[in-house]
Amino acid sequence: MFTMLRDMTAVNRRARIHRQTTDEILDAAGRIVARGEELTLRGVARDVGLTAPALYRYVSSLDDLVDQLGERLYSELTTALIDARDAVAGQPPRDAAPARLVAMAWAFREWALAHRFEYGLLFANPLLAVTRQCTCTERGAEVFGSTFSDVFVQLWRERPFPIPADDDLADDVRRQLEESEQGGPEPLPLGLRYVYLRQWARLYGTVTLEAFGHLSWALDDTRPLFEAMLRDNAAELGFLDVLRGAER
């Protein structure tokens, strides 16, 4: 019995040290990305005081490292969204979902502008498209996406807004939405998913242009453009009155 407990303690210690070292490796990788430098295994190994061969005990490849870092960055971003969502208080029940959605949109923008290189890693060159293994990043992306979509669906259930009927969608759009439809206890209407995609395209497009400075040729301050985009989205979703009330 004593031998078994001793062996278990040794295994737990090794697992803890392995986890701590992996966290240090991801910390170093995150710092390199935040500086806008090229992420390499050699550079990470140097930052954590390991040899490059020793690093392979913790990550199997550069793709594996990028994949794990992608999940961590998505987790940080998602935490910022959840904090903003949960900080919304003092709203009438009917206005809670709109206020949460707007707060999360602002949090998304603020994180992107404060972490431009990390945002670029996640969204400019999507990891899901460039890494050969992306299970960690995919997991993080799904949690991030559901954080937005859950509030969006809550809004639609509590304050129904117009959505196109299936027959009103372009044939190729309807086909793609049908093919990508995810199972669940209550599948969402295709029209609702289409409106969500349109809303996300506006938010993502505006924030991405801001984060990468692609509007500097026209605007020194892009905040008014972001606010105008929010008003467009709010008008489509039927809560422009709530947004205007919050702006006063």
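Up top is the structure.
Only a predicted model underlies this, so the values are computations on that prediction, with no experimental measurement involved. Every chain is numbered on its own, with residues counted from 1 as its sequence reads. Under the rules for a predicted model, residues below a pLDDT of 70 receive no local features and side-chain atom pairs below 80 are neither given nor counted, while totals for whole chains, interfaces and linings still include all residues. In computing side-chain properties, one takes all heavy atoms of the structure into account and sets aside hydrogens as well as water.

A.B. asks: It is not clear to me how a negative patch on the surface should be interpreted in this structure. Could you clarify?
C.D. replies: A cluster of acidic residues, Asp 166, Asp 167, Asp 168, Glu 178 and Glu 181, forms a negative patch at the surface. Helix and strand assignments follow DSSP, with helices taken as H or I runs no shorter than four residues and strands as E runs no shorter than two, numbered in order from the N terminus. Considering the arrangement of structural elements, one finds Glu 178 in helix H9 (residues 171–179). Put simply, a patch holds well-exposed residues, over 30% relative accessible area, that have no salt bridge, with like charges counted together within 9 Å and Val, Leu, Ile, Met, Phe, Trp or Tyr side chains within 5 Å. To be clear on the numbers: accessible area is Shrake-Rupley with a 1.4 Å probe, and residue cover counts the displayed protein chains and nothing else. The salt bridge criterion pairs a side-chain nitrogen of Lys or Arg with a carboxyl oxygen of Asp or Glu, the two atoms within 4 Å. Neither His nor the chain ends is counted toward charge; the positive residues are Lys and Arg and the negative residues Asp and Glu. Charge positions are represented by NZ for Lys, CZ for Arg, CG for Asp and CD for Glu.

A.B. asks: Help me understand the side chain of Glu 118 in this model?
C.D. replies: Here Glu 118 is to be found in helix H6 (residues 116–124). Between buried and exposed lies partly exposed: a residue is buried under 20% and exposed over 50% of the maximum accessible area for its type, with that area taken using a 1.4 Å probe on protein chains only. Buried Glu 118, no salt bridge; nearest opposite-charge side chain is Arg 116, N-O distance 8.9 Å.

A.B. asks: How should the pattern of salt bridges be read in this particular structure?
C.D. replies: Side chains carrying opposite charge are able to pair once their charged atoms draw close together. This structure, assessed with the given rule, holds 15 salt bridges. Asp 171 is the salt-bridge partner of Arg 174, the closest N and O atoms lying 3.0 Å from each other. Remark: Asp 171 and Arg 174 occur in helix H9; sequence separation between them is 3 residues, near one turn of the helix. Judged by relative accessible area, Asp 171 falls into the exposed class, the value being 57%. In this structure, Arg 223 engages Glu 227 in a salt bridge whose closest nitrogen and oxygen atoms are separated by 3.0 Å. Residue Arg 223 and its partner Glu 227 are located together in helix H11 (residues 223–237), separated by 4 residues, close to a single helical turn. The exposure class of Arg 223 is partly exposed, given its relative accessible area of 40%. On the accessibility criterion, Glu 227 (24% relative accessible area) is partly exposed. Overlapping salt bridges bring together Arg 19, Asp 23, Asp 27 and Arg 72 as one network.

A.B. asks: What should I look at first to understand the packing of aromatic side chains in this one?
C.D. replies: Aromatic ring pairs are defined here through the distance separating the ring centres and the angle between the ring planes. Each pair of aromatic rings taken from Phe, Tyr and Trp, with Trp reduced to its six-membered ring, is defined by centres within 6.5 Å and is described as stacked if the planes are under 30 degrees apart, edge-to-face if over 60, and tilted in the remaining cases. One pass over the full model with this rule turns up 18 aromatic pairs. Ring geometry for Phe 123 versus Tyr 204: centroids 6.0 Å apart, planes at 50°, classification tilted. Remark: Tyr 204 occurs in helix H10 (residues 190–211) and Phe 123 occurs in helix H6; sequence separation between them is 81 residues. Of the residues examined, Phe 123 reaches a relative accessible area of 9% and is grouped as buried. Aromatic pair Phe 144 and Phe 148: ring centres 5.9 Å apart, planes at 90°, arrangement edge-to-face.

A.B. asks: What is the right way to look at the environment of Leu 188 in this model?
C.D. replies: If you trace the backbone, Leu 188 turns up in the loop between H9 and H10. Residues Leu 188 and Val 153, spaced 35 residues apart in sequence, show a C-alpha to C-alpha distance of 8.7 Å. In this description, contact between two residues means that some pair of their heavy atoms is separated by no more than 4.5 Å. The contacts of Leu 188, once residues within four sequence positions are left out, are Val 153, Arg 157, Glu 181 and Arg 193.

A.B. asks: Before we go on, may I ask you to explain the packing of helix H8 (residues 135–158) against H10 in this structure?
C.D. replies: Each pair of packed helices can be described by the angle between their axes along with the distance between the axes. Their axes nearest at 11 Å, the elements H8 and H10 cross at an angle of 125°. Considering their axes alone, H8 and H10 lie oblique with respect to each other. The chirality of how H8 crosses H10 is right-handed. Contacts from Phe 144, Gly 145, Phe 148, Ser 149, Phe 152 and Trp 156 of H8 reach H10 at Leu 192, Val 195, Tyr 196, Gln 199, Trp 200 and Leu 203. Note on method: axes are straight lines fitted to C-alpha atoms, helices fitted across the in-contact stretch only, with angles between N-to-C directions ranging 0 to 180 degrees. An angle counts as roughly parallel when it lies under 35 degrees, as roughly antiparallel when it exceeds 145, as roughly perpendicular when it falls between 65 and 115, and as oblique in every other case. By convention the crossing between two helices is left-handed if the near helix lies anticlockwise of the far one by an angle smaller than a right angle, and right-handed if it lies clockwise.

A.B. asks: Please explain H10 as it appears in this structure.
C.D. replies: Every α-helical turn comprises 3.6 residues, leaving residues that sit three or four positions apart pointing alike. Expected helix span is given by 1.5 Å per residue-to-residue step, counting one fewer step than there are residues. For H10, spanning 22 residues, the distance from its first C-alpha to its last is 31 Å, which sits close to the expected 32 Å at 1.5 Å a residue. Where H10 is concerned, the buried positions are Leu 190, Gly 191, Leu 192, Arg 193, Val 195, Gln 199, Leu 203, Thr 206, Val 207, Thr 208, Glu 210 and Ala 211. Residues of H10 that are buried in the fold lie against helix H5 (93–114), H6, H8, H9 and H11. Looking one or two residues past H10, Gly 213 carries a phi angle of roughly 70°, positive in sign.

A.B. asks: Any chance you could explain the packing of helix H4 (residues 62–87) against H8 here in plain terms?
C.D. replies: Running from N to C, H4 and H8 cross one another at 15°; their axes reach a closest spacing of 7 Å. In terms of orientation, H4 and H8 fall into the roughly parallel class. Relative to H8, the crossing made by H4 is left-handed. From H4, Val 66, Asp 67, Gln 68, Gly 70, Glu 71, Tyr 74, Leu 77, Thr 78, Leu 81, Ile 82 and Arg 85 reach across to H8, where they touch Thr 135, Cys 136, Thr 137, Arg 139, Gly 140, Ala 141, Val 143, Phe 144, Thr 147, Phe 148 and Val 151. Looking at side-chain class alone, the contact of H4 with H8 contains 11 nonpolar, 7 polar and 4 charged residues. Three categories are distinguished: nonpolar for Ala, Val, Leu, Ile, Met, Phe, Trp, Tyr, Cys and Pro, charged for Asp, Glu, Lys and Arg, and polar for the others, with Gly belonging to the last.

A.B. asks: In this structure, what is going on with the nonpolar core? I would like to understand it.
C.D. replies: A general feature of soluble globular proteins is that nonpolar side chains tend to end up buried together. Nonpolar cores were defined as sets of buried Ala, Val, Leu, Ile, Met, Phe, Trp, Tyr and Cys residues, with membership established by side-chain atoms within 4.5 Å. With 58 residues, the main nonpolar core has Leu 39, Val 44, Leu 65 and Phe 108 as its most contacted residues. Considering each element in turn, this core owes the most residues, 11 residues, to H5.

Scope: geometric values only; no functional claims are made or implied.
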